[in-house]
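Residue strings, one per chain:
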Amino acid sequence: MTLQESLPSISNRVPGDTVLNPGPPSLEYITALARDGEGYFKAFHTACNVEEQYYFLTRPTPAPKGAEPLRPATARAIINVATDHVDVNNLAIDVPIMERSKARGERLKRFYQGVWLNIKEPILRTAVRHSFAYGVAWIKFGFSPHLWHDAPDIGSYGEQDSDGDWQITDQAGWREALTEFMERRKLLFPFRAENINPQELVWDDTRTGPKWVVRTVESTVGDVRRKYQDWVTDRPDRATVRWREYYDDTWYAYLAGDEFVRPPTRHGIGTLPFAMCAPANSLDWDAGPPENRFQGILKPVHQLLDSEARIITQITAILRKHAWKTLDVVGPPMKTAAVADNYEMFGGLNEYPADVDVRPSPELPLPQELFSQLQMVQTMIEEATFPN
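An account of the accompanying structure is given in this report. (Residues numbered from 1 in each chain as written. Predicted model: local features only at pLDDT ≥ 70, side-chain atom pairs only at ≥ 80, totals over all residues. Heavy atoms only, no water.)

A look at the nonpolar core
Now for step 1: Within the largest apolar cluster, 57 residues are counted, with the highest numbers of intra-cluster contacts made by Trp-138, Trp-203, Val-261, Phe-274 and Leu-298.
Now for step 2: It is helix H10 (residues 302–323) that contributes the most residues to this core, six residues altogether.
Now for step 3: Among all residues touching Val-261, those that are not within four sequence positions of it are Val-224, Tyr-228, Trp-231, Trp-243, Tyr-254, Leu-255 and Ala-256.
Now for step 4: Core analysis: the second largest hydrophobic core is formed by nine residues, Val-88, Ile-119, Ala-137 and Ile-139 among them. (Core = buried A, V, L, I, M, F, W, Y, C linked by side-chain atoms within 4.5 Å. Buried < 20%, exposed > 50% of the residue type's maximum accessible area, 1.4 Å probe, protein only. Helix = DSSP H or I, 4+ residues; strand = E, 2+ residues; numbered from the N terminus. Contact = heavy atoms within 4.5 Å.)

Below is the structure:
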């Protein structure tokens, strides 16, 4: 069952369909869409959180009492090395070219290459890293007005008549200013791109492609109030509030606590301002639950990574027993306590009663099989992921 099929029937609206539904989405529709999407993507979001535990080395590792668990950075190295092998600056863009549209196809190809090269490299690398970690990545695009220069002021090159029409008096200066303005705009890229963590998103998961996206994050009342002063609430600034953003190919809306902060407004981009990057690591591309279709490179080796961490923890714990030896003080209890408190382990002389015996504690030899097991596990991890 897809998300669209499981959505409660609160209206006949089809997300992103501006022909049958030219009007803006309602608050009831957006909140129901978000709640249903959170349930549909819950298992996927949980899986993403597990991948982050491996990447940030916070995954719990079993260890005996008194021993410090040790988790190697194998998972992070796998994702980072795989990301380094993707050359984001030299993307192979192919536009199908027909005999009658060869020139158009070549222009489109150059345009796509220009757009790609104007996106900052850290954003592209983060998208690749998300693809390897979560099995899907999202990039949000938007217009940046401050990067788009305004046209020259006509008032500097003419004057208004009695009817309010402008009469250009400096024709040469006006033409020169317009030419410079148009040439400068040809070199500008007034768009911004930002990476969005898939854990913050629910989206249209139908086979026809994403027609809408809802982003949900936790914010504070103070942050929302500073940006949108018309939003009225009696909650303190430090209180947390659920912030939602709704986008389709025509409308966008902002919500705070299931209330409109910015009611549905036309964004004017002409398409959904989100791009999905999916490496298709599963058997099915467009069928099945999202937690099965969107899987990162570490998913098949979770147990092997846990086994590697356990073996390294065991080896480290045994080596520490050898490095910091312990002593057994045997004898009358009243005397052994004094000897144990004053005994010098490193570079000192010790005197103790004749009826007290100081001997090294029994040592556990380091089994060589642990190293063989570790090598086997690391080889299996490398074979199933990416060579380091």
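Okay, back to it.
Side note on unusual backbone geometry
Now for step 1: Its identity as a non-glycine residue notwithstanding, Leu-57 has a phi of 65°, on the positive side.
Now for step 2: You can see Leu-57 is positioned in the loop between helix H3 (42–55) and helix H4 (74–84).
Now for step 3: In this structure Leu-57 comes out as partly exposed when scored by relative accessible area, which is 34%.
Now for step 4: A positive phi angle, close to 60°, is found at Asp-258, a residue other than glycine.
Now for step 5: Topologically, Asp-258 is positioned in the loop between strand S8 (251–256) and strand S9 (260–266).

What about helix H7 (residues 171–186)?
Now for step 1: For H7, which comprises 16 residues, the first-to-last C-alpha distance of 23 Å matches the rise-based estimate of 22 Å (1.5 Å per residue) to within 8%.
Now for step 2: Residues Gly-173, Trp-174, Ala-177 and Phe-181 constitute the buried set of H7. On an axial view of H7, the arc spanned by its buried residues comes to 100°, and they lie on one face. Residues of H7 that are exposed and angled more than 90 degrees away from the buried face: Arg-175, Glu-176 and Lys-186. (Expected span 1.5 Å × (residues − 1). Arc of directions from axis to C-beta.)

Looking at the packing of aromatic side chains
Now for step 1: Evaluated as defined, the whole model comprises 19 aromatic pairs.
Now for step 2: Centre to centre, the rings of Tyr-247 and Phe-274 are 5.3 Å apart; their planes meet at 65°, and the pair counts as edge-to-face. Of the two residues, Tyr-247 sits in strand S7 (residues 240–248) while Phe-274 sits in strand S10 (residues 274–277), which places them 27 residues apart along the sequence.
Now for step 3: Here Tyr-247 falls in the buried class, since its relative accessible area comes to 6%.
Now for step 4: By relative accessible area, which is 8% here, Phe-274 ends up buried.
Now for step 5: What links up through ring pairs into an aromatic cluster is the set Tyr-40, Phe-41, Phe-44, Trp-138, Trp-203, Tyr-228, Trp-243, Tyr-247, Tyr-252, Tyr-254, Phe-274 and Phe-294.
Now for step 6: For Arg-76, the ring lying beneath its charged end belongs to Tyr-55, and the centroid distance is 4.9 Å. (Phe/Tyr/Trp six-rings, centres within 6.5 Å; stacked < 30°, edge-to-face > 60°. Lys NZ or Arg CZ within 6 Å of the ring centre and 35° of its normal.)

Some remarks on the pairing of S7
Now for step 1: Among the nine residues of S7, seven are classified as buried, and the element is accordingly described as predominantly covered.
Now for step 2: By the bridge criterion, nine bridges tie strand S6 (residues 212–220) to S7 in an arrangement that is antiparallel. Across the sheet, the residue bridging to Glu-218 is Arg-242, located in S7.
Now for step 3: As defined by bridge partners, S7 adjoins S8 across five bridges and the pair is classed as antiparallel. By the bridge assignment, Glu-245 is partnered in S8 with Tyr-254.
Now for step 4: Between S7 and S8, which pair antiparallel one after the other, the connecting turn spans two residues. (Pairing = 2+ DSSP bridges.)

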